[in-house]
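Each chain, letter by letter, is given below.
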Amino acid sequence: MEIYKMKAHELRDMIKNKEIKVEEVVGAFIERISKVEGKLEAWLYIDEEKALVKAKELDKKIASGEELEGLWGIPVGIKDNISVKNMKNTCASKMLENYIAPYDAYVVSKIKEKHGIILGKLNMDEFGMGSSTENSAFKKTKNPWDLRKVPGGSSGGSAAAVASREVPLALGSDTGGSVRQPAAFCGVVGLKPTYGRVSRYGLTAFGSTLDQVGTFGADVEDCALLTEVISGFDRRDSTSANIPVPNYIQSLSKNLKGKKIGVPKELFCGNLQEEVTSAIREALGVLQDNGAEIRECSLPFIEYSLADYYIISSAEASSNLARFDGVRYGFRTKDAKTLEELYIKSRSEGFGEEVKRRIMLGTYVLSKGYYDAYYRKALKVRQLIKEDFKKVFKEFHAVISPTSPTIAFDFNEKSKDIMAMYSVDIYTVPINLAGLPAISVPCGFVKNLPVGLQIIGDYFKEDNLFNIAYSYEQSTQWHKKIPNI
């Protein structure tokens, strides 16, 4: 039995039934990391010692007959913009290279409460800005299906670690697709919950009205398990929704009878790869065979989503990252004679190129004379996009689209063409603008690289998404494939 190849829910059941010890599980994943991490480079920090100590503690509790609800000692990887007390929280940036978090994020405290074991911190695009994890200040994570390809971003480390079975579960953050797109590129399941379903307390802010902590799993049940653990109301986050959290595991049914699924005509055009279109069409056939009614629908304002997203997210990034000034905390230049020089040189040296690009764009659209022309107009367009989705969800339970218009691409392939890189997120950013939940599941392979199917749901209807995703997954074999790394 190769422990590292097993799903989180399978391992949890074996631990509950005393067929295996938590220490064995944690040890197996630490061993797996030691074998493949040199090639993959998904982790920024691994806390082997504390993870094994915690595993022994939980084994003693289980031996004494204690019921460990929730995760039962399953290891979890954390994207490095989510605070874990006494661990570095670098956001993959030189600006925070030596910053150690003094507290746990809400989602981390929930994982600990539910007896999950934090294994370490995972690589990402700096401050969550990127679609390939090429913008990390420290390393470039590889795609486990093909080491010449990017894993997607910005949560590329999380997706690659789960896909390669270095860890069974992981957290990411999703501002414009940063969980779903790398999940698609790496062939795992990734969920972006409804905005407000999961507290943002302890998540380093990029775009505050767009950011949401999301979950990665090797299959839908794993993703549902972790999502249920981290969801809930948190008084420390003013955007947290005080809405009951369903039992997501109970929503996992293959039957889709009565489910109406919309296919927006606007999302099957442009630069969409032909092979990706074919994979999505085949997936729709599977859902129809399982009882779903599939019909075309329309989202007329969605064509403006990409431009709208980059105006709003960059404006919010400009505001949120103003705190990193070389004075309060973070990187400080050693070569400054005046306060103005301190600000300029600290930010110029501490931030990477993509972060600086977005700060400049955000500052521009918020500046006097341009605020009304860009930012205020973008907020109005955002409302129109929301209204489009609200109309569709009066008729449909879910909407289907590709997760990405392409499969994973080569390193440096799009880094010189900024618009080509930004266009990778064309199918994911509308969901963040509207604050909706969406999940990506593997639905095929093109040139031995995974394709992602995106299922979009109505507000706080993650249970519907898990139902549809599980139904599709159980009728196919894609979730059983593991990269040979």
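By the naming in an unreviewed UniProt entry, the protein is Glutamyl-tRNA(Gln) amidotransferase subunit A, taken from Clostridium colicanis DSM 13634. The UniProt entry for the protein carries the following text under Function (unreviewed entry): "Allows the formation of correctly charged Gln-tRNA(Gln) through the transamidation of misacylated Glu-tRNA(Gln) in organisms which lack glutaminyl-tRNA synthetase. The reaction takes place in the presence of glutamine and ATP through an activated gamma-phospho-Glu-tRNA(Gln)." As recorded by UniProt, the Catalytic activity (unreviewed entry) comment attached to the protein reads in full: "L-glutamyl-tRNA(Gln) + L-glutamine + ATP + H2O = L-glutaminyl-tRNA(Gln) + L-glutamate + ADP + phosphate + H(+)".

Draft legend 1. Broad picture of the side chain of Lys110. Here Lys110 is to be found in helix α4 (residues 106–113). Lacking a salt bridge, the buried Lys110 has Glu113 as its closest oppositely charged neighbour, with an N-O distance of 4.7 Å. If sequence neighbours within four positions are ignored, Lys110 has contacts with Val229, Ile230 and Ser231.

Draft legend 2. Structural context of the pattern of salt bridges. Enumeration according to the criterion identifies 24 salt bridges in this entry. Between Arg200 and Asp237 there is a salt bridge; the shortest N-O distance is 3.8 Å. In this pair, Arg200 sits in the loop between β5 (189–192) and β6 (213–217) while Asp237 sits in the loop between α7 (220–230) and β7 (260–264), placing the two residues 37 residues apart along the sequence. On the basis of relative accessible area, Asp237 is assigned to the buried category, the value being 6%. Among the salt bridges present, the one from Lys356 reaches Glu353, with a minimum N-O distance of 3.5 Å. A residue pair is termed a helical-turn pair when its members lie 3 or 4 positions apart in one helix, as Lys356 and Glu353 do in helix α11 (residues 353–366) at three residues. Taken together, the shared-partner salt bridges connect Glu293, Arg295 and Glu395 into one network.

Draft legend 3. Broad picture of the sheet that holds strand β3 (residues 117–122). The strand order β1-β3-β2-β4-β6-β5-β10-β11-β9-β7-β8 describes an open sheet built from eleven strands, whose pairing is mixed. The open sheet has two free edges, formed respectively by β1 (43–46) and β8 (293–297), since each of these has just one partner strand. Within the sheet, the average angular offset between the axes of one strand and its neighbour, ignoring direction, is 30 degrees. Lying on the sheet, α7 is in contact with β4 (169–173), β5, β6 and β10 (438–446); it crosses β6 at an angle near 145 degrees. Sitting on the sheet, helix α15 (residues 462–474) is in contact with β5, β7, β9 (398–402), β10 and β11 (449–457), with an inclination near 20 degrees to β10.

Draft legend 4. Representation of the state of the cysteines in the model. A complete count under the given rule lists zero disulfides for this structure. This cysteine, Cys443, is not joined by any disulfide, and Cys186 carries the nearest cysteine sulfur, 15 Å off. Residue Cys443 is classed as buried on the basis of its relative accessible area, which comes to 4%.

Draft legend 5. Spatial organisation of helix α5 (residues 156–163). Judged by how many residues are buried, α5 sits mostly within the fold: eight of eight residues are covered. Looking only at α5, the buried set comprises Gly156, Gly157, Ser158, Ala159, Ala160, Ala161, Val162 and Ala163. Immediately beyond the C-terminal end of α5, within one or two residues, lies Arg165, with a positive phi of roughly 65 degrees.

Draft legend 6. Fine view of a nonpolar patch on the surface. A surface patch of nonpolar side chains, amounting to about 350 Å² of accessible area, comprises Val327, Leu339, Tyr343 and Ile344. Of the residues examined, Val327 reaches a relative accessible area of 36% and is grouped as partly exposed.

Draft legend 7. Quick peek at the environment of Ile431. Secondary-structure assignment places Ile431 in helix α14 (residues 429–434). Note on Ile431: relative accessible area 1%, which makes it buried. Separated by 256 residues in sequence, Ile431 and Thr175 have C-alpha atoms that sit 9.5 Å apart. Excluding anything up to four places from it in sequence, Ile431 contacts Arg180, Lys192, Leu436, Pro437, Ala438, Gln454 and Ile456.

Cut-off values and rules
Residues numbered from 1 in each chain as written. Predicted model: local features only at pLDDT ≥ 70, side-chain atom pairs only at ≥ 80, totals over all residues. Heavy atoms only, no water. UniProt positions renumbered as here; feature names shortened; annotations may be inferred. Helix = DSSP H or I, 4+ residues; strand = E, 2+ residues; numbered from the N terminus. Buried < 20%, exposed > 50% of the residue type's maximum accessible area, 1.4 Å probe, protein only. Lys, Arg positive; Asp, Glu negative; His and termini not counted. Salt bridge = Lys/Arg side-chain N within 4 Å of Asp/Glu carboxyl O. Contact = heavy atoms within 4.5 Å. Pairing = 2+ DSSP bridges. Axes fitted to C-alpha atoms, helices over the stretch in contact; angles between N-to-C directions. Disulfide = S-S within 2.5 Å. Patch = residues over 30% accessible without salt bridge, like charges linked within 9 Å, V, L, I, M, F, W, Y side chains within 5 Å. Areas by Shrake-Rupley, 256 points an atom, 1.4 Å probe, with all protein chains shown as cover.

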